[in-house]
Amino acid sequence: MVRYLILMLLSVAVSFAEAQQLPPQCKIFDSFDEALKAPSEAVLMDLHGKMLTSVDKRIVELKFLSNLELNDNKFSEFPEIIYNVPSLKSLNLSRNQLEYLPKTIAKAGNLENLILEDNIITSLPQEIGMMKNLKSLDLFQNQLYNLPESIGSITQLKNLEVGRNYLTNFPASISNLKNLEQLNISENEFDSLGSCVGSLTKIKTLIACRNQLRNIPNGIGNLKSLEYLVLSENKISSIPYGLCDAQSLVEIDLSENLLTELPNCMDKLSKLEVLNIKKNGFKEFPVAVTKIPALKHLEFFNNKISSVTSEIGNMKKLEFLMLDDNLLEVLPVEFGAMDGLKYLYLSNNLFTIFPNCITKLSKLTQLQMEQNKLTKLPAEIKNLDKLQLININNNNLIELPKEIGQLINLKVLSLMSNQLSTLPDEFSLLQNLKTLTLDVNNFSVFPKCLTKLKNLKALNLDHNQIAQIPVEIANLENLEELYLGGNLLTTLPEEIKNLKKLKLLWLEGNNFSDEEVNRIMRLLPDTEVDF
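How each quantity is defined
Residues numbered from 1 in each chain as written. Predicted model: local features only at pLDDT ≥ 70, side-chain atom pairs only at ≥ 80, totals over all residues. Heavy atoms only, no water. Helix = DSSP H or I, 4+ residues; strand = E, 2+ residues; numbered from the N terminus. Buried < 20%, exposed > 50% of the residue type's maximum accessible area, 1.4 Å probe, protein only. Contact = heavy atoms within 4.5 Å. Areas by Shrake-Rupley, 256 points an atom, 1.4 Å probe, with all protein chains shown as cover. Lys, Arg positive; Asp, Glu negative; His and termini not counted. Charge placed at Lys NZ, Arg CZ, Asp CG, Glu CD. Salt bridge = Lys/Arg side-chain N within 4 Å of Asp/Glu carboxyl O. Disulfide = S-S within 2.5 Å. Patch = residues over 30% accessible without salt bridge, like charges linked within 9 Å, V, L, I, M, F, W, Y side chains within 5 Å. Polar contact = N/O pair within 3.5 Å; in protein donor to acceptor, adjacent residues only side chain to side chain.

Engineer: What should I look at first to understand the overall build of the chain in this one?
Structural biologist: The helix and strand tally for the chain stands at three helices and 23 strands. With 531 residues in all, the chain has 54% of them scored as buried. Put simply, of all contacts in the chain between residues at least 6 apart along the chain, 27% involve residues at least 24 apart. Approximately 22,700 Å² of the chain is accessible, and the part contributed by carbon and sulfur atoms is 47%. Here the chain contributes 53 positive and 64 negative side-chain charges, whose respective centroids are spaced 5 Å apart.

Structural data, given as structure tokens:
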């Protein structure tokens, strides 16, 4: 979801920049009075959010006006006066109250960029096809049920945004848009892309998520320029071999569909770097994925796999791997051969033993394994000396190996909801640690090794059985947040006043007397303290 929104925004931004072609020093005018004082400089006007229902008639005096921003106003009718501004190239009427476009829209024939996002337009006139210079048309979030056949006459169109409407199909003329580079039909009612999509040979970005698509046309392989394909949240159950002919693809998002396998031609997608197939129906890890030569980012969480193929070791360029929410108990030895891997997500699986092959991933910077059943970490974890973040929340860890102290680049360590009662002395060697989460464990004594972590900014020891805080707490001179709620504390040491950077101290659920509460408040006058 996030990725397709980013792509959509990027594609619009590219089209707008192309349409506007403004010099960087161009002044922005926000009133007609100001613009008419220097009409030769009035190239860009921004009148958004001014509660306007019409355009000042003096606009016709602005002979050089190229870009007009009228978004976030109260227009219920298209301002036809702009027809008298032949220099106008870009018009933004997004987030108004437009219900229709007039048949006279063809008189705005010089427009290259028309933004009508978030109105209540129910149909487009056939005359829109006479806007021969239009390069970008944005109708995202309206109430369109169809597009006119004449839209195929706007042959200069490069960007078409019709997402979040009620469209069910394309007019046949869409195949005439030979210059189209970005097409967004997300959040409509399409059950098929139709064969006409295969004619859009210059298209680079195709976004069709959140529809009712059941298949991908084999003709998609004709899209030799296609780089970004987003088909998430549909009902697609299979991928045609033709997809493998779209060899410019860099990113594919097929998450939240009904896929159970991938075609064995995926190796032909030599430029593919990102593949998202999370939340499908895979019961086996698809071997075809391991053949994609340039793949860097793979999202495969929330499927139903219980094992991973040994061929995964061939994925030498993979940097990001998400296998959360599956049924994994073990990993193959070959897993450790992915020597480019930096981010590994294995949360919410069935691991009881930490897979030793993970300790071979020498470039790993983030490891997420929360909600498994791990009881210990191996000494070999010291090999992961580039780790910056570890999350092993909600496991069954009883102790940590002393070798954890060798993870000198570690910045975030989260060990919430385990069964830890002590920490090794070597823990104090983690001098780059900024955030440490140890809440909901079995600590009865505040681990003194923590008082040597002078760069620590956030420490959470909520819900343990700690009765006393050592005076050495004052050594944590960079601490900003300290959570000690749900313990057995009745007092805090005087030295806590030396935590000059402390912004938040959480003490709820302890046994402080009213007198002690007042004392703590006096010790920390600039800290937010919650009892």
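Engineer: Please explain the pattern of salt bridges as it appears in this structure.
Structural biologist: One side chain can pair with another of opposite charge once the charged atoms of both are near each other. Applying the stated criterion across every chain yields a total of 13 salt bridges. Notably, a salt bridge pairs Arg-58 with Asp-56, separated by 2.9 Å at the nearest N-O pair. Residue classification places Arg-58 among the partly exposed residues on the basis of a relative accessible area of 29%. For Asp-56, a relative accessible area of 28% gives the class partly exposed. In this structure, the salt-bridge partner of Arg-95 is Asp-72, at a minimum N-O distance of 2.8 Å. Taken together, the residues Arg-95 in the loop between β4 (90-92) and β5 (113-115) and Asp-72 in the loop between β3 (67-69) and β4 connect sequence positions 23 residues apart. Given a relative accessible area of 34%, Arg-95 falls into the partly exposed group. What makes Asp-72 partly exposed here is its relative accessible area of 29%. Three or more residues are tied together by salt bridges with common partners; here these are Arg-164, Glu-187, Arg-210 and Glu-233.

Engineer: Could you clarify how one ought to interpret the state of the cysteines in this entry?
Structural biologist: Working definition: the covalent bond between the sulfur atoms of two cysteines is a disulfide. Using the criterion set out here, one finds one disulfide in the structure. Disulfide pairing places Cys-244 opposite Cys-265 at an S-S distance of 2.1 Å. The disulfide joining Cys-244 to Cys-265 has a torsion of about 65° about its S-S bond and is therefore right-handed. With Cys-244 in the loop between β10 (228-230) and β11 (251-253) and Cys-265 in the loop between β11 and β12 (274-276), this pair connects stretches of sequence that are 21 residues apart. With no disulfide of its own, Cys-196 has Cys-209 as its nearest cysteine by sulfur position, at a separation of 18 Å.

Engineer: Quick question: what am I supposed to make of unusual backbone geometry here?
Structural biologist: Trans peptide bonds make up most of the peptide bonds, and negative phi angles are found at most residues other than glycine. Phi at Asp-72 is positive, roughly 60°, even though this residue is not glycine. Although it is not a glycine, Val-440 sits at a positive phi angle of roughly 55°. Secondary-structure assignment places Val-440 in the loop between β19 (435-437) and β20 (458-460). Using a relative accessible area of 36% as the deciding quantity, one classes Val-440 as partly exposed.

Engineer: Explanation requested: a positive patch on the surface in the structure shown.
Structural biologist: Positive charge collects at one region of the surface, where Lys-296, Lys-317, Lys-342, Lys-363 and Lys-386 lie side by side. Locating Lys-296 in the fold gives a position in the loop between β12 and β13 (297-299).

Engineer: So what exactly am I meant to see when it comes to the side chain of Thr-309 here?
Structural biologist: Along the chain, Thr-309 turns up in the loop between β13 and β14 (320-322). Under the relative-accessibility criterion, Thr-309 is labelled buried at 16%. Not counting chain neighbours up to four residues away, the residues in contact with Thr-309 comprise Phe-285, Val-287, Thr-290 and Pro-332.

Engineer: How should I be thinking about the side chain of Asn-487 in this particular structure?
Structural biologist: Following the sequence through the fold, Asn-487 ends up in the loop between β21 (481-483) and β22 (504-506). You can call Asn-487 buried: its relative accessible area is 3%. Within the local environment of Asn-487, its side chain forms a polar contact with the backbone oxygen of Leu-484, the two atoms lying 3.0 Å apart. When near neighbours in sequence (up to four residues on either side) are disregarded, Asn-487 contacts Leu-461, Asp-462, His-463, Asn-464, Gln-465, Ile-466, Gly-509 and Asn-510.

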